[in-house]
Amino acid sequence: MYRLVVMISGGGSNLQAFIDKLHKRVAGIEIALVVSNVAGVRGLERAQAAGIPTAVFPLADYPLRADRDRAMADAISARGVDLVVMAGYMAIVTPLFLERFPDRVINIHPALLPSFPGADGIGDALRYGVKVTGVTVHLVEEGMDTGPVIAQRPVPVRDDDDHDRLAERIHAAEHQLYPRIIELFAKGKVTLPARGSRVVLVDDSEPTEIVPQFF
Ligand code: GRF
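The rules behind these values
- Residues numbered from 1 in each chain as written.
- Predicted model: local features only at pLDDT ≥ 70, side-chain atom pairs only at ≥ 80, totals over all residues.
- Heavy atoms only, no water.
- Helix = DSSP H or I, 4+ residues; strand = E, 2+ residues; numbered from the N terminus.
- Buried < 20%, exposed > 50% of the residue type's maximum accessible area, 1.4 Å probe, protein only.
- Areas by Shrake-Rupley, 256 points an atom, 1.4 Å probe, with all protein chains shown as cover.
- Contact = heavy atoms within 4.5 Å.
- Polar contact = N/O pair within 3.5 Å; in protein donor to acceptor, adjacent residues only side chain to side chain.
- Salt bridge = Lys/Arg side-chain N within 4 Å of Asp/Glu carboxyl O.
- 1 Å grid on protein atoms, 1.4 Å probe; cavity = no way out; pocket = protein on both sides within 12 Å on 5 of 7 lines; lining within 4 Å.
- Points joined across faces, edges and corners; volume = space filled by probe spheres on them.
- Nonpolar A, V, L, I, M, F, W, Y, C, P; charged D, E, K, R; others polar.
- Lys, Arg positive; Asp, Glu negative; His and termini not counted.
- Core = buried A, V, L, I, M, F, W, Y, C linked by side-chain atoms within 4.5 Å.

Trainee: How should the overall build of the chain be read in this particular structure?
Mentor: On a plain count of helices and strands, the chain comes out with 6 helices and 9 strands. Counting only C-alpha atoms and orienting by the principal axes, one finds that the chain spans roughly 45 × 45 × 40 Å. Evaluated residue by residue, the chain yields a buried proportion of 47% over its 215 residues. Accessible surface computed for the chain: about 10400 Å², of which carbon and sulfur atoms make up 54%.

Okay, here's the thing in structure tokens:
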């Protein structure tokens, strides 16, 4: 089994894409645990509905951020995880957390990094007036949205876009790209940067096992 932990803070639409497209369907992938730093969010309900264990780590329960991250890392390690997948996890993790999972923590950002990092990549791209934005899957390192890029997909900005319309197409792109990249990780098709390099190699030449969803 290739075991994922998914870290969320909210709605969990990316988590739902993993449940629908990957979980126990593709390349021996299993979501072993869903971790949230916020209680009561929709993403936790999605996990529970799929029979996936959940754990909640609100900062209010821990005097220090490092204590929270240590508890979270312990819970994740206990599941024997292969890949830590941040999907709408809206907090920065401490170096202590990342050291526990070297080169095994990935994130998705709703813009073409290094453009528009931060909490509102969609709104910032819209306000700037770019004609093309997109989504980025990247390795997580210290700092916000700064790790080496794994994959990107462009999303055109239309003249009549508002935040909601653009967000809908950004999220659709995320739900395509992120499960595919996780599938490629599970199949050993992602080569991490050599020392002194930031270039991640992704061999996307094989057909995907992901079955298209028709609703
Ligand atoms: C996504 O847009 C992702 O790029 C960003 O947070 C959002 C999470 O959405 N990091 P969801 O919780 O998966 O619906």
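Trainee: Honestly, helix H5 (residues 121–128) in this entry has me stumped. Any pointers?
Mentor: An α-helical turn contains 3.6 residues, so a residue and the one three or four places further along point in the same direction. Gly121, Ile122, Gly123 and Ala125 are the residues of H5 that are buried. Of the surrounding secondary structure, the elements contacted by the buried residues of H5 are strand S5 (105–109), strand S6 (132–139) and helix H6 (163–186). Positive backbone phi, approximately 95 degrees, marks Gly129, located one or two places after H5.

Trainee: Explanation requested: the environment of Gln16 in the structure shown.
Mentor: Along the chain, Gln16 falls in helix H1 (residues 13–21). A polar contact of 3.3 Å, which involves the side chain of Gln16, links it to the side chain of Arg46.

Trainee: Help me understand the pattern of salt bridges, please; the structure alone is not making it clear to me.
Mentor: A side chain with one charge may pair with a side chain of the opposite charge, provided their charged atoms come close. Evaluated as defined, the whole model comprises 16 salt bridges. One salt bridge in this structure joins Asp67 and Arg70, with 3.3 Å as the shortest N-O distance. Note that Asp67 and Arg70 are positioned in helix H3 (residues 65–77) at a spacing of 3 residues, about one turn of the helix. Asp67 gets classed as partly exposed once you look at its relative accessible area, which sits at 24%. Between Arg198 and Glu141 there is a salt bridge whose closest N-O contact spans 3.9 Å. Taken together, the residues Arg198 in the loop between strand S8 (190–191) and strand S9 (201–202) and Glu141 in the loop between S6 and strand S7 (149–156) connect sequence positions 57 residues apart. Residue classification places Arg198 among the partly exposed positions, given a relative accessible area of 47%.

Trainee: Mind showing me how you'd approach the layout of surface pockets here?
Mentor: Empty space among the atoms becomes apparent when a probe as large as a water molecule is rolled across them. Of the voids in this model, the largest pocket is the one considered here, and its volume is about 790 Å³. Lining the largest pocket are 37 residues, and of these Gly88, Tyr89, Met90, Ile108 and Pro110 lie nearest its centre. Of all the elements in the fold, those that place two or more residues in the lining of the largest pocket are H1, S5, H5 and H6. Residue composition of the lining of the largest pocket, by class: 15 nonpolar, 17 polar and 5 charged. Computed from the structure, the second largest pocket encloses a volume of approximately 230 Å³. Across the lining of the second largest pocket, the residue classes tally to 7 nonpolar, 1 polar and 5 charged.

Trainee: How should I be thinking about the side chain of Arg46 in this particular structure?
Mentor: One can find Arg46 in helix H2 (residues 42–49). As a buried residue without a salt bridge, Arg46 has its nearest oppositely charged side chain in Asp20, at a separation of 6.9 Å. Look past the residues within four positions of Arg46 in its chain and what remains in contact with it is Gly11, Gly12, Ser13, Leu15, Gln16 and Ile19.

Trainee: I'm lost on the nonpolar core in this one. Help?
Mentor: Considering soluble globular proteins, one finds that nonpolar side chains tend to be buried as a cluster. The biggest cluster of nonpolar side chains holds 46 residues, and the ones touching the most others in it are Ile106 and Ile182. The element that contributes the greatest number of residues to this core is H6, accounting for 10 residues. Ignoring any residue separated from it by four or fewer positions in sequence, one finds Ile182 in contact with Leu4, Phe18, Leu22, Ile29, Leu83, Val85 and Ile106.

Everything listed here is a matter of coordinates, which is why it stays silent on function.
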